[in-house]
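Below, each chain spelled out in residue letters.
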Amino acid sequence: MDWNAFLDGFAVVTEPTNLLYCLIGVLIGMLIGVLPGLGPAATMAILLPIAYNAGDPVSAIIMLAGIYYGAQYGGTITSVLLRIPGEASSVVTVFDGFALAKQGKAGTALGVAAIGSFFGATVSIIGLTLLGPIVASYALDFGPPEYAALALLGVLLVATVGNGHTVKALVAAAVGLLLATVGSDTFTSANRFTFDSLELQGGIDFVVVAMGLFGVGEILYNLEERHGKIHVPAAIANIWPSRKDLKQASPAIGRGSVIGFFLGVLPGGGAVMASLAAYAAEKRVAKDPSRFGRGAIEGVAGPESANNAAATSSFIPLLTIGIPANASMAMLFAALLVVGVTPGPQLIDENPELFWGVINSMYIGNLILLVLSIPLVGIFVKILRVRPAILAPITALITILGVYTIRNSVFDIFLMIGFGILGYLMKKTGFEPGPLVLAFVLGSLMESSFRRSMLLFDGDATGFVTRPISGTILAFLLLVLLLPLLKRLLRRRVTETTTPDHHDHDDHDERAELR
Amino acid sequence: MRNSTTTCLAALAGVASLALTACGGVSNTAGGGSDSGEYPQGAVEMPVGASAGGSSDLISRQISEGLSDELGGSFPVINREGANGALAAAEVAKAEADGSTISVQNASLFAITPLAVAEDEVTSIDDFEVVQGVSRDDYVLVASKGSGFTSIDDFAKAKDKITYGTTGVGTGAQLACALTYNVNDTDAEAIPFDGGAPALTALLGDQVDTACLQVGEAIENIEAGKIVPLSVFGPERVEFLPDVPTAQEQGLDVEVSQYRFMTVPKGTPQDVQDAIAEAMQATFEKEEYQAFNKQNNLTPLEISGDEVLAMLEEDKQRYADLVEEYGIDLGDAS
């Protein structure tokens, strides 16, 4: 690594204009992050002309990058406070984040999320600085079979999310997979479940499903719940997480950051998989997994660190091999073209000033975001004091606006309302929307990767096992599936051979029933 | 208490209004300074059938800026991705024929997509007036380093079936590749990806042997020596890849290119069409626009609307004939 170029990069960032652009970028990012729907990609598209007119191209790119990672901070706020995840990667934050908010601990959740986000992003930038090109080449080893295996693992992990029944979670996940098939098939262009509607040909957007099931579903449910009851504002005891909370959350932040960094490098489903894997990991290592879904702080800390780390490491494929990993990276790609730079393997040698300027601006941008978040947490948690009669229409407005901005489509608004009714019915019957939404996101990845693999293998499915990476993932998947069964078997044998008293037998019966 | 409520309400309202202004198409500049008669009256929407950041989107934005400079008023670009651009096309076709909705559209939607989709989903050029040609975007056949291919002739030496990544079903990239392998009589399997970036990723990682991509998507990795260009598909060599022969030069009768042109709904008054065409031609003269073309590896195709129409008809027929001759089914990569 060229340390001189790296340090020169800091000189670039600390120029007052660049600092100002960085500040503007992260501020805009944070604001649009709060509003689901109008994502960072769309905002960057609108602000792209700035790249034409900025005196220094580096400033413009720094600002646009700031919008992207700033949005990651903002997205948490609506997930925690209003139960509307703006992005697939913040769906898992909703479970424990919203539960914490209901207990009056929104400040704790947001505070920990901000710290986790900062830590995750910083770990990831250091990783990007030191390991960028190496990690990029490992991402290239992920072909369709590896993605198929990874998505399968993801769908399995989905069942562990939340705290509902496993069977109900699996049912919801199956519905999600089914919904993922709606639209024009990308392999044959045959229409599936489109009912001759041109609007459905492009498939259903994630935001439509997520905001309907979570946001609108929650509003409808609350209308019924609170009807006739007097609104008691949730007591907001602590604005800032206590020392105990931080202590509890810090291992989760560490694990989430590392998971996020590595999975985030994978274009496509990287960030979703990262947050999901981080949540599953926390639940697995926790002493008492039943706390999850009811307001476990690790359930916010892990995934939030992971999705920010993933957001940052998604810069790696763009900056080192010229591949945009997601829509926002595609916009950044476009912006770089506008300023006369084609991102690719030669970027670091041809434009070291830009390469290091942008990367190093992220160290500073994240610091700004952390500092900004602290006072904002205090302001945002006050939203919970607003009476539902006022808050519900505003939430509805936000979701409708958000959904409209994705494709400028009124059809999507009605579709979202439809999902809202479904979400309400699910909540009434004890189904969690989380597994449905996550399976929906992973579904198309799984299906298309599987079909692509089968084309590559010429119909011979053994390739999944013989390729090293996909084989390892599948072995791990098997382990995750079998581990609980093995544990149970082992425990039963131990208890039966030692002291089989009545109490233990009761215990077994209970467990058997649960199964 | 009361106070804090208002604060956050204001904050929410602020965010909401940001979204409103940002999503475009809402701002009204009726009667805004126009120097070519009455057009435009108010904002002119420019739906584009692709997501933000792709070449279709960037070209639309570039034209939008040019029109706005020349004619006054605002020309917001609205992304209506989906169904290969058919969604945006349907919106334009249905719009009022007064120039308030215009769109830069892709030739592939009219000439290639019909080969892959059911008859009732075909978008017909008859629903539009073609105002002005814009530019051409060439395809290139590239091979991965691991495949060892350095020219099309090497295909004969391949032991196994060759795999080729495409940027999706019904795209020019798919057609170009499918034709090449069929005309060359090579046993090959198409692997469709969702766009150019995933196809390029797979090629770089040696997951597929070859791929057909747009020049702009592949050029940086070609120049870095990470992938090997085998052929381009235009009528002549591409300015940006002067050493890469065309398919015709290599004895294969395959010519496929993507080009874009300005369309308005059928029946739009001639003076409005003329105003748009003139403003576009003035934009083409600008240095900034020419630099944009270069940067994005686009070859100008600044021909008149009638010429575009003739070209479209000819291409459509030629593709259909070729596909029939070789028994290619674009919608059959199951």
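Residues numbered from 1 in each chain as written. Chains lettered and ligands numbered in written order. Predicted model: local features only at pLDDT ≥ 70, side-chain atom pairs only at ≥ 80, totals over all residues. Heavy atoms only, no water.

A. Broad picture of unusual backbone geometry. All names here are of chain A. Phi is positive for Phe193, close to 50°, though the residue is something other than glycine. Structurally, Phe193 can be placed in the loop between β2 (191-192) and α9 (198-201). A relative accessible area of 46% means that Phe193 is categorised as partly exposed. (Helix = DSSP H or I, 4+ residues; strand = E, 2+ residues; numbered from the N terminus. Buried < 20%, exposed > 50% of the residue type's maximum accessible area, 1.4 Å probe, protein only.)

B. Fine view of the packing of helix α7 (residues 144-158) of chain A against helix α20 (residues 433-456) of chain A. Residue and element names in this part refer to chain A. Taken N-terminus to C-terminus, the directions of α7 and α20 make an angle of 155°; their axes are 8 Å apart at the nearest point. On the basis of the axis angle, α7 is roughly antiparallel to α20. The hand of the α7/α20 crossing is left-handed. Each of Pro144, Pro145, Tyr147, Ala148, Ala151, Leu152, Gly154, Val155 and Val158 in α7 lies in contact with α20, whose residues at this interface are Pro435, Leu438, Ala439, Leu442, Leu445, Met446, Ser449, Phe450, Arg452, Ser453 and Leu456. The class makeup of the residues in the contact of α7 with α20 is 16 nonpolar, three polar and one charged. (Axes fitted to C-alpha atoms, helices over the stretch in contact; angles between N-to-C directions. Parallel < 35°, antiparallel > 145°, perpendicular 65-115°, else oblique. Left-handed = near helix turned anticlockwise from the far one by under 90°. Contact = heavy atoms within 4.5 Å. Nonpolar A, V, L, I, M, F, W, Y, C, P; charged D, E, K, R; others polar.)

C. Just the nonpolar core, in detail. The biggest cluster of nonpolar side chains holds 212 residues, and the ones touching the most others in it are Leu81(A), Ile63(B), Leu67(B), Ile102(B), Met262(B) and Ile276(B). Examining the composition of this core, we find that 15 residues originate from one element, helix α4 (residues 57-81) of chain A, more than from any other. Excluding its chain neighbours within four sequence positions, the residues that come into contact with Ile276(B) are Tyr39(B), Leu67(B), Ile102(B), Val131(B), Met262(B) and Val264(B). Among the nonpolar cores identified, the runner-up in size contains 48 residues, and Ile112(B), Ala143(B), Cys177(B) and Cys212(B) belong to it. (Core = buried A, V, L, I, M, F, W, Y, C linked by side-chain atoms within 4.5 Å.)

D. Examining the packing of aromatic side chains more closely. All names here are of chain A. Applying the stated criterion to the full structure yields 22 aromatic pairs over all chains. Here Phe261 and Phe262 contribute two aromatic rings whose centre-to-centre distance is 5.0 Å and whose plane-to-plane angle is 75°, an arrangement assigned as edge-to-face. On the accessibility criterion, Phe262 (36% relative accessible area) is partly exposed. Their ring planes at 5° and their centres at 5.6 Å tell us that Phe450 and Phe464 sit as a pair that is stacked. Taken as a pair, Phe450 in helix α20 and Phe464 in helix α21 (residues 463-466) lie far apart in primary sequence, 14 residues in all. With relative accessibility at 41%, the residue Phe450 sits in the partly exposed group. In this structure Phe464 comes out as buried when scored by relative accessible area, which is 9%. Aromatic ring contacts, followed pair by pair, group Trp3, Phe6, Phe10, Phe355, Trp356 and Tyr363 into a single cluster. Above the plane of the ring of Phe431 lies Lys168, whose end atom (NZ or CZ) is 5.3 Å from the centre. (Phe/Tyr/Trp six-rings, centres within 6.5 Å; stacked < 30°, edge-to-face > 60°. Lys NZ or Arg CZ within 6 Å of the ring centre and 35° of its normal.)

E. Structural context of the interface of chain B and chain A. The interface of chain B with chain A comprises 57 residues on the first partner and 55 residues on the second. Of the roughly 5100 Å² buried where chain B meets chain A, counting both sides, 65% is carbon and sulfur surface. Between the two partners, chain B and chain A, sit one salt bridge. The shortest N-O distance in the salt bridge between Lys161(B) and Asp458(A) comes to 3.6 Å. Taken together, chain B and chain A are joined by six residue pairs in polar contact (both at pLDDT 80 or more). Broken down by secondary-structure element, the contributors of at least two residues to the side of chain B that touches chain A are α1 (2-22), α2 (55-71), β2 (77-79), α3 (86-94), β6 (188-192), α6 (196-204), α7 (215-223) and α9 (287-295) of chain B. In terms of residue count, α1(B) provides more of the side of chain B that touches chain A than any other element does, 11 residues in total. Tallied by class, the residues present in the side of chain B that touches chain A amount to 31 nonpolar, 14 polar and 12 charged. (Buried area = accessible area lost by both parts, 1.4 Å probe. Salt bridge = Lys/Arg side-chain N within 4 Å of Asp/Glu carboxyl O. Polar contact = N/O pair within 3.5 Å; in protein donor to acceptor, adjacent residues only side chain to side chain.)

F. Fine view of the state of the cysteines. Residue and element names in this part refer to chain B. One pass over the structure, following the stated rule, counts one disulfide over all chains. Between the sulfur of Cys177 and that of Cys212 lies a disulfide, 2.3 Å long from S to S. Taking the torsion about the S-S bond as the criterion, the Cys177 to Cys212 disulfide, at about 95°, is right-handed. One end of the pair, Cys177, is in helix α5 (residues 172-183); the other, Cys212, is in strand β7 (residues 210-214), with 35 residues separating them in the sequence. No difference in accessibility class separates Cys177 from Cys212, as the two residues are buried. (Disulfide = S-S within 2.5 Å.)

G. Region of interest: a nonpolar patch on the surface. A cluster of nonpolar residues, Phe476(A), Leu478(A), Leu479(A), Leu481(A), Leu482(A), Leu483(A), Leu485(A) and Leu486(A), forms a patch on the protein surface that exposes about 740 Å² of accessible area. Given the relative accessible area of 35%, Leu483(A) is considered partly exposed. (Patch = residues over 30% accessible without salt bridge, like charges linked within 9 Å, V, L, I, M, F, W, Y side chains within 5 Å. Areas by Shrake-Rupley, 256 points an atom, 1.4 Å probe, with all protein chains shown as cover.)

H. Structural context of the pattern of salt bridges. Applying the stated rule across the entire model yields 22 salt bridges over all chains. Three or more residues joined by partner-sharing salt bridges are found here, namely Asp185(A), Arg192(A), Glu447(A) and Arg451(A).

I. Structural detail: empty space enclosed by the protein. Residues and elements named next belong to chain A. For the structure on display, the rule yields four cavities of 30 Å³ or more. Roughly 110 Å³ of volume is contained in the largest cavity. Surrounding the largest cavity, Met30, Tyr73, Thr76, Ile77, Leu110, Ala113, Ala114, Ser117, Ser373, Leu376, Val377 and Phe380 form its lining. Only α4, α6 (106-140) and α17 (352-380) provide two or more residues apiece to the lining of the largest cavity. For the lining of the largest cavity, a count of residues per class yields nine nonpolar, three polar and no charged. Here the second largest cavity defines a volume of roughly 40 Å³. (1 Å grid on protein atoms, 1.4 Å probe; cavity = no way out; pocket = protein on both sides within 12 Å on 5 of 7 lines; lining within 4 Å. Points joined across faces, edges and corners; volume = space filled by probe spheres on them.)

J. Summary view of helix α8 (residues 270-285) of chain B. All names here are of chain B. With 16 residues, α8 extends 23 Å from end C-alpha to end C-alpha; this agrees with the ideal 22 Å at 1.5 Å per step. Taken residue by residue, α8 has Val272, Gln273, Ala275, Ile276, Ala277, Ala279, Met280, Thr283 and Phe284 as its buried positions. For α8, the elements touching its buried residues are α2, β4 (128-144), β9 (257-265) and α9. (Expected span 1.5 Å × (residues − 1).)

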